[in-house]
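Each chain, letter by letter, is given below.
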Amino acid sequence: MRQAAQFWAQARQAGQPTASDKTIDSDMILAGQALAQGGADALIATTNVGHLARFVRADLWRNIRVQ
């Protein structure tokens, strides 16, 4: 949650919030959890690449191939 709060602050300071001020920013929570669990190797499968890729690796779920 600390990492999510840092991402939340960065997005707002840059003038590019990923959610309104009155909502829980689940994108930042997801990005923080991915970074905490997987580090730089973490990859989030999503349909919302734009918000998440600013903070962690993210790609459309259709593009991810399991090896």
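Sequence order sets the numbering: in each chain, residues are counted from 1 along the sequence as written. Note on the predicted model: pLDDT of at least 70 is required for a residue's local features to be given, and 80 or more for side-chain atom pairs to be given and counted; whole-chain, interface and lining totals, by contrast, use all residues. Processing note: side-chain calculations cover all non-hydrogen atoms of the structure and skip hydrogens and water entirely.

(A) Region of the structure containing the nonpolar core. Formed by Ala 4, Phe 7, Ala 11, Met 28, Ala 31, Ala 34, Ala 42, Ile 44, Leu 52, Phe 55, Val 56 and Ala 58, the largest nonpolar core amounts to twelve residues. In this text, helices come from DSSP runs of H or I with a minimum length of four residues, and strands from runs of E with a minimum of two, each type numbered from the N-terminal end. Within the residue set of this core, elements represented by two or more residues are helix 1 (2-13) and helix 2 (26-38). When neighbours within four sequence positions are excluded, Ala 11 is seen to be in contact with Gln 16, Pro 17, Arg 54 and Phe 55. To form a nonpolar core, buried Ala, Val, Leu, Ile, Met, Phe, Trp, Tyr and Cys residues must be joined to one another through side-chain atoms within 4.5 Å. For the exposure calls, accessible area comes from a 1.4 Å probe over protein chains only, and a residue counts as buried if that area is under 20% of its type's maximum, exposed if over 50%, partly exposed in between. Contact definition: two residues touch when any of their heavy atoms are within 4.5 Å.

(B) Examining the pattern of salt bridges more closely. We count a salt bridge whenever a side-chain nitrogen from Lys or Arg sits within 4 Å of a carboxyl oxygen from Asp or Glu. Scanning all chains against the criterion turns up two salt bridges. One salt bridge in this structure joins Arg 12 and Asp 21, with 3.2 Å as the shortest N-O distance. For Arg 12, a relative accessible area of 18% translates into the label buried. The class of Asp 21 is exposed, set by a relative accessible area of 65%. One salt bridge connects Arg 12 with Asp 25, and the closest N-O pair in it is separated by 3.9 Å. Placement of Arg 12 in helix 1 and of Asp 25 in the loop between helix 1 and helix 2 is noted, with a sequence separation of 13 residues between them.

(C) Layout of the packing of aromatic side chains. Two aromatic rings from Phe, Tyr or Trp, using only the six-membered ring of Trp, form a pair when their centres are within 6.5 Å; if the ring planes differ by under 30 degrees the pair is stacked, by over 60 it is edge-to-face, and anything between is tilted. Per the stated rule, a full pass over the model turns up one aromatic pair. Centre to centre, the rings of Phe 7 and Phe 55 are 4.8 Å apart; their planes meet at 45°, and the pair counts as tilted. Here the residue Phe 7 occupies a position in helix 1, and Phe 55 occupies one in the loop between helix 3 (49-52) and strand 2 (57-60), the gap between them amounting to 48 residues. Summarising the burial analysis for this pair, Phe 7 and Phe 55 share the class buried.

Such coordinate-based values are descriptive only and should not be taken to indicate function.
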